[in-house]
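Structure assessment
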Amino acid sequence: MSKHRIELRAAPHQHSGHSVPTIMRNVVYSMLPICGFSVWQYGLSALALLLTVTATCLTTERLLNRNANTLGDWSAAITGILLGLTLPPAFPLWMAIVAGFVAIAIGKAMFGGLGHNPFNPALVGRAFVQAAFPVAITTWVPAFSANRFSEFVPTTFTAPLMMPPDIVGWVKQQGVDAFTGATPLARWKFENVSASAHDLLTGAVTASAGETSALLIFACGAYLAIRKFMDWRIPVAVLGSAALTAWAFQLVDPTHYPTPLFVLLSGGLMLGAIYMATDMATSPVTPVGVWIYGVIIGVTTVIIRYFGGLTEGVMYAILLGNALTPLIDRYTQPRVYGTGKEKP
Amino acid sequence: MRFPFLNRTPTFDHGIHPLYHKETGHLPIRRFPFAPKLYVSLEQHIGKPAIAIVRVGQEVLRGELIAKPDGMFSLPIHAPATGIIEALEPMPSDNGEMEMCIVIRVYEADTQEVQVRNPHDLEELRGRELALVMQEIGVAGKGGATFPTHAKLIPPAGKKIDTLIANGVECEPFLTCDHRLMLERANDVMTGIKYARRVCGAPHAIIAVEDNKMDAVATLEAALPADGSVSIQVVATKYPQGAAETLIKALLGREVPAGKRSSAVGVVMNNVMTLAYVGRLLPLGEGMTERVITIAGPSVERPGNYIVPIGTPLRFLLEHVGARSTAREVILGGPMMGTTIPSVDVPITKGVCGVLAFGKKDAEPPQIYPCIHCGECVNACPKKLNPTQMGLLAAKREYGVMAEQFMLGECFECGCCSYVCPSHIPLVQQFRVAKYFLKNREKVT
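Thresholds applied
Residues numbered from 1 in each chain as written. Chains lettered and ligands numbered in written order. Predicted model: local features only at pLDDT ≥ 70, side-chain atom pairs only at ≥ 80, totals over all residues. Heavy atoms only, no water. Helix = DSSP H or I, 4+ residues; strand = E, 2+ residues; numbered from the N terminus. Rg over C-alpha atoms; globule rule 2.2 N^0.38 Å. Buried < 20%, exposed > 50% of the residue type's maximum accessible area, 1.4 Å probe, protein only. Contact = heavy atoms within 4.5 Å. Areas by Shrake-Rupley, 256 points an atom, 1.4 Å probe, with all protein chains shown as cover. Lys, Arg positive; Asp, Glu negative; His and termini not counted. Charge placed at Lys NZ, Arg CZ, Asp CG, Glu CD. Buried area = accessible area lost by both parts, 1.4 Å probe. Salt bridge = Lys/Arg side-chain N within 4 Å of Asp/Glu carboxyl O. Polar contact = N/O pair within 3.5 Å; in protein donor to acceptor, adjacent residues only side chain to side chain. Nonpolar A, V, L, I, M, F, W, Y, C, P; charged D, E, K, R; others polar. Axes fitted to C-alpha atoms, helices over the stretch in contact; angles between N-to-C directions. Parallel < 35°, antiparallel > 145°, perpendicular 65-115°, else oblique. Pairing = 2+ DSSP bridges. Expected span 1.5 Å × (residues − 1). Core = buried A, V, L, I, M, F, W, Y, C linked by side-chain atoms within 4.5 Å. Disulfide = S-S within 2.5 Å.

Before going further, it helps to examine the overall build of chain A. Looking only at helices and strands, one finds 14 helices and zero strands in chain A. For chain A, the sequential pattern of α-helices and β-strands runs α-α-α-α-α-α-α-α-α-α-α-α-α-α. Computed over C-alpha atoms, the radius of gyration of chain A comes to 21 Å, within 12% of the 20 Å expected from 2.2 N^0.38 for 344 residues, which places it in the range of a compact globule. With respect to the principal axes defined by its C-alpha atoms, chain A has extents near 80 × 50 × 30 Å. Every one of the 344 residues in chain A was classed for burial, and the buried ones make up 56%. Long-range pairs, those at least 24 residues apart, make up 76% of the contacts in chain A with a sequence separation of at least 6. When the accessible surface of chain A is summed, it comes to about 14400 Å², and 67% of that surface belongs to carbon and sulfur atoms. Counting 20 positive and 15 negative side-chain charges, chain A places the averaged centre of each group 14 Å from the other.

Rendered as structure tokens:
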């Protein structure tokens, strides 16, 4: 005994076994089915998009952290995949590289890296390209086109700094019936046509690469919640409050406003509620704060969708929630055991 | 009429479910041999150290008084073995400081019978008088805090105690000594409760046991006094269920006000082992010379529950249970709140409830990541503090803000926050540093 070194360490001497890389890795795993479904739907273009964005994010993360290799925490991979999933499947790759770089460089590394970013990095990247390339980010392509595994959508390989070519002619050649080139939300907003719940659940709609099948996203989120890698309260608060708000509007004017189910299943709400609003670094930590944060995102999403100039409001709603997080945390401190009043 | 859904096993909010490793729970208590030399520290309890009343070269009998208490908030010490006083010298202690010890060279061939003493007539004694008699047997809290038991039982002036809680929760992983004691010495526990209630005046006593020890519940139930003044309450298995604050909340729904003791809500809490030793020793007038300790951990060949003489050096203890050469980390107490010892020359004191040995592989330090604000610690803290914010402040050494805005002083260092932290941030460790810093700053100014 005495010949050996004795180690001194402060209690506790046990640990739950959860670590940042395990959490992040499992989030990445849980997104793989969504990526797979996206590639199956949109073919080579979606695959190229996802790989490009993820590679850009990983490279940026590595280059901006020269002193320590931070790729091992898997957080940059999450940002990359998530960003890829929110972009249109035929998004020009050079623009995707811009999005990936902005997400990591401005969204994360600038603030000090993992855990220090005030906004969800993937959404920062998404917001940047939304502002910079308004046409490209609303150019949609049909799912399940016949040649999706043999050819790329023409816009994918747009030359850097160039505008993507017009793809109306290309879409016509694909022989996909009834393709309108608009998302269900846009069709509701501008044409007052609601997509059926069945199509929204199974992904037979026009959308970003990873926002198509609400059912699949929900299942992947359920896996994370059950494994306790995600705070289930946030998606419940976001989806619940969005549904309630939509329901209230529908009570007022059933002909104009869509059903709560349509609101829940359309656009990026499911992906946003499960994968982006739950980003740990940018969501509150207090038990009450988590619910307030989720409700703010849910309600804001519906308000932007109904009354804003945009068709989709999830992104800005979550960014708003992120901005309010420090304030929410500050005013929702839990009541400490043995004290009668709330602490500021 | 009982509705099962209305009778949820009582517990507290938050907390964690660590791996319990209670493998030693089925092993009967065995007696440990005497080490050739025993090192009896004069600081066996919190409060004033005892004053040695022996000189070098003097022979002492097992159970003989060797140190007297220094006032009311102190305890006497009795010779743990028959032998000769070899020295009075400082020895390393679990907190890293040197503490004065009485060194006894044990007579090898001695029968080690305990010196017979003249017990008091206890039946007439109540309250403070009984407490003074209790002080003579030198029992300190066995849960780890080593509060002198007689002093803890006396209600503060103007306070009335309505409930005595016998804490048989034992929520720390690995430790099973309380469990075995409840199984094997249930009658001692009941006797101890009887005397403790006479001191504190509590009309009612509750024995709290976690629902992973139902065999102990059955044994205790069979030993309950007939008058119905003592009851057994099963609580949910969760860490830190055994802390005073969380157990009082679970049993009585009361919250101990911040900065106050349990007596503020009319409760006195004692560990079941403390009460069992009171129940065994007080009627005999015998001094406390040994205690039951769980010796376990991956690096121990023969783990189990042992009656170990006070003053047994850890080196002897570990050699005897076959600590493997891979043992690198030796912990006194449980793995959640216990302290690693700086040297195997540290002797056993009255507050040691467990000795755990971990090998190198179990003790590899993990990589620390930045805080990712996951909120796991906020959802684990049994005191509903905000370890996330306090951790971020501690990193900036904003200790004053931690205390003023986030009630750092309320943290009782259960370690749940560090246990759950996926970034492996040493949260509770930083809080200890912060508290120590604040305490000593106040001393200076």
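Let us keep going from here.
Attention shifts here to the environment of A:Leu161. All names here are of chain A. One can find Leu161 in the loop between helix H5 (121-132) and helix H6 (168-173). The class of Leu161 is exposed, set by a relative accessible area of 71%. Sequence separation between Leu161 and Pro118 is 43 residues; the distance between their C-alpha atoms is 30 Å.

To continue, consider the interface of chain A and chain B. Listed by partner, the interface residues are 42 residues for chain A and 69 residues for chain B. When chain A packs against chain B, the two sides together hide about 4500 Å² of surface, and 57% of this comes from carbon and sulfur. Linking chain A with chain B are one salt bridge. Along the contact surface separating chain A from chain B lie 19 residue pairs in polar contact (both at pLDDT 80 or more). A total of four residues in the side of chain A that touches chain B trace back to one element, the largest contributor, which is helix H1 (residues 20-42) of chain A. Across the side of chain A that touches chain B, the residue classes break down as 19 nonpolar, 15 polar and eight charged.

It is worth spelling out the packing of H1(A) against helix H2 (residues 44-64) of chain A at this point. Residues and elements named next belong to chain A. The interhelical angle for the contact between H1 and H2, taken along N-to-C directions, is 140°, at an axis separation of 6 Å. As far as their axial angle goes, H2 and H1 are oblique. Facing Cys35, Ser38, Val39 and Tyr42 of H1, the residues of H2 in contact are Leu44, Ser45, Ala46, Leu47 and Leu50. In terms of residue class, the contact of H1 with H2 is built from seven nonpolar, two polar and no charged.

Quick look at the sheet that holds strand E15 (residues 327-332) of chain B now. Residues and elements named next belong to chain B. Read from one edge of the open sheet, six strands run E1-E14-E13-E17-E15-E16, paired in mixed fashion. A strand with exactly one partner marks an edge of an open sheet, and here the two such strands are strand E1 (30-31) and strand E16 (339-340). Bridge count for E15 against strand E17 (residues 354-359) is five bridges, and the pairing is antiparallel. Across the sheet, Glu329 pairs through a bridge with Phe358, a residue of E17. With respect to the sheet, helix H3 (residues 177-184) is in contact with strand E13 (290-296) and strand E14 (304-309), its orientation differing from that of E13 by roughly 125°.

Let us now look at helix H4 (residues 93-105) of chain A. All names here are of chain A. A rise of 1.5 Å per residue sets the reference length of H4, with its 13 residues, at 18 Å; its end C-alpha atoms lie 18 Å apart and thus fit the reference within 8%. Most of H4 is tucked away: ten of the 13 residues are buried. Its buried side turned inward, H4 meets H2, helix H3 (75-86) and H5.

Attention now moves to the environment of A:Tyr257. One can find A:Tyr257 in the loop between helix H10 (233-252) and helix H11 (260-265). Residue contacts for A:Tyr257: discarding those within four places in its chain leaves A:Trp188, A:Phe249, A:Gln250, A:Tyr306 and A:Phe307.

So, about the nonpolar core. Judged by nonpolar contacts, the single largest core of 83 residues is most densely connected at A:Leu87, A:Phe91 and A:Tyr275. Setting aside chain neighbours within four positions, we find A:Tyr275 in contact with A:Val27, A:Ser30, A:Met31, A:Ile34, A:Leu82, A:Ile217, A:Cys220, A:Gly221 and A:Leu224. B:Val235, B:Ala243, B:Val256 and B:Ala380 belong to the second-largest nonpolar core, a separate cluster that totals 49 residues.

For the rest of this paragraph, the subject is the state of the cysteines. Following the criterion strictly, the structure yields zero disulfides over all chains and no others. Counting only cysteine sulfurs, A:Cys35 is the nearest neighbor of A:Cys57, a cysteine outside any disulfide, at a range of 13 Å. When its relative accessible area of 0% is taken as the criterion, A:Cys57 is described as buried. As a non-bridged cysteine, B:Cys417 has B:Cys411 as the owner of its nearest cysteine sulfur, 6.2 Å distant.

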